[in-house]
Amino acid sequence: MTTLNSSFGLEYAPVPFMLRIGRREVLITRDFRKRFYAVNPVIECDTGVEPGHIEILLLRRWLLILSKAH
């Protein structure tokens, strides 16, 4: 499991789905955060809140978080 802490805010997210592929983890959930900038309607990529995480927002709704497995 990843070491996401409460500052990431996943305790308020809909039930996430986690997939582990080798030494990587992919967490898939619906995006619930209010974005205060223009979001690309198809795919948006950004660094995660925690070091070593990458967030990919698909179709303004699905959030994929890529991280290293611990």
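Residues numbered from 1 in each chain as written. Predicted model: local features only at pLDDT ≥ 70, side-chain atom pairs only at ≥ 80, totals over all residues. Heavy atoms only, no water.

Asker: Residues and numbers for the pattern of salt bridges, please.
Answerer: Applying the stated rule across the entire model yields 2 salt bridges. Two residues, R35 and D31, come together in a salt bridge whose shortest N-O distance is 3.0 Å. Judged by its relative accessible area of 17%, D31 is buried. Close ionic contact of E55 with R33 constitutes a salt bridge, the shortest N to O distance being 3.3 Å. A residue pair is termed long-range when its members are at least 10 positions apart, and E55 in strand β4 (residues 54-58) and R33 in the loop between β2 (24-30) and β3 (43-47) qualify at 22 residues. Given a relative accessible area of 5%, E55 falls into the buried group. For R33, a relative accessible area of 26% puts it in the partly exposed group. (Salt bridge = Lys/Arg side-chain N within 4 Å of Asp/Glu carboxyl O. Buried < 20%, exposed > 50% of the residue type's maximum accessible area, 1.4 Å probe, protein only. Helix = DSSP H or I, 4+ residues; strand = E, 2+ residues; numbered from the N terminus.)

Asker: Go over the pairing of β2, please, and point to the residues and values.
Answerer: Relative to β2, strand β1 (residues 17-21) runs antiparallel, the two sharing 5 bridges. Across the sheet, the residue bridging to L19 is V26, located in β2. Counting the residues that bridge the hairpin from β1 to β2 gives 2 residues, and of these G22 lies at a positive phi of roughly 65°. Here 7 bridges tie β2 to strand β5 (residues 62-68), and the two strands are oriented antiparallel to one another. Residue V26 lies in a different strand from β5, and its bridge partner there is L66. (Pairing = 2+ DSSP bridges.)

Asker: So what's going on with empty space enclosed by the protein? Which residues, and what values?
Answerer: Summed over all chains, the structure comprises 1 cavity of 30 Å³ or more. In this structure, the largest cavity occupies an estimated 40 Å³ of space. Together, R35, Y37, E44, D46, E55, L57 and L63 line the largest cavity. Elements that contribute at least two residues to the lining of the largest cavity include exactly β3 and β4. In terms of residue class, the lining of the largest cavity is made up of 3 nonpolar, no polar and 4 charged. (1 Å grid on protein atoms, 1.4 Å probe; cavity = no way out; pocket = protein on both sides within 12 Å on 5 of 7 lines; lining within 4 Å. Points joined across faces, edges and corners; volume = space filled by probe spheres on them. Nonpolar A, V, L, I, M, F, W, Y, C, P; charged D, E, K, R; others polar.)

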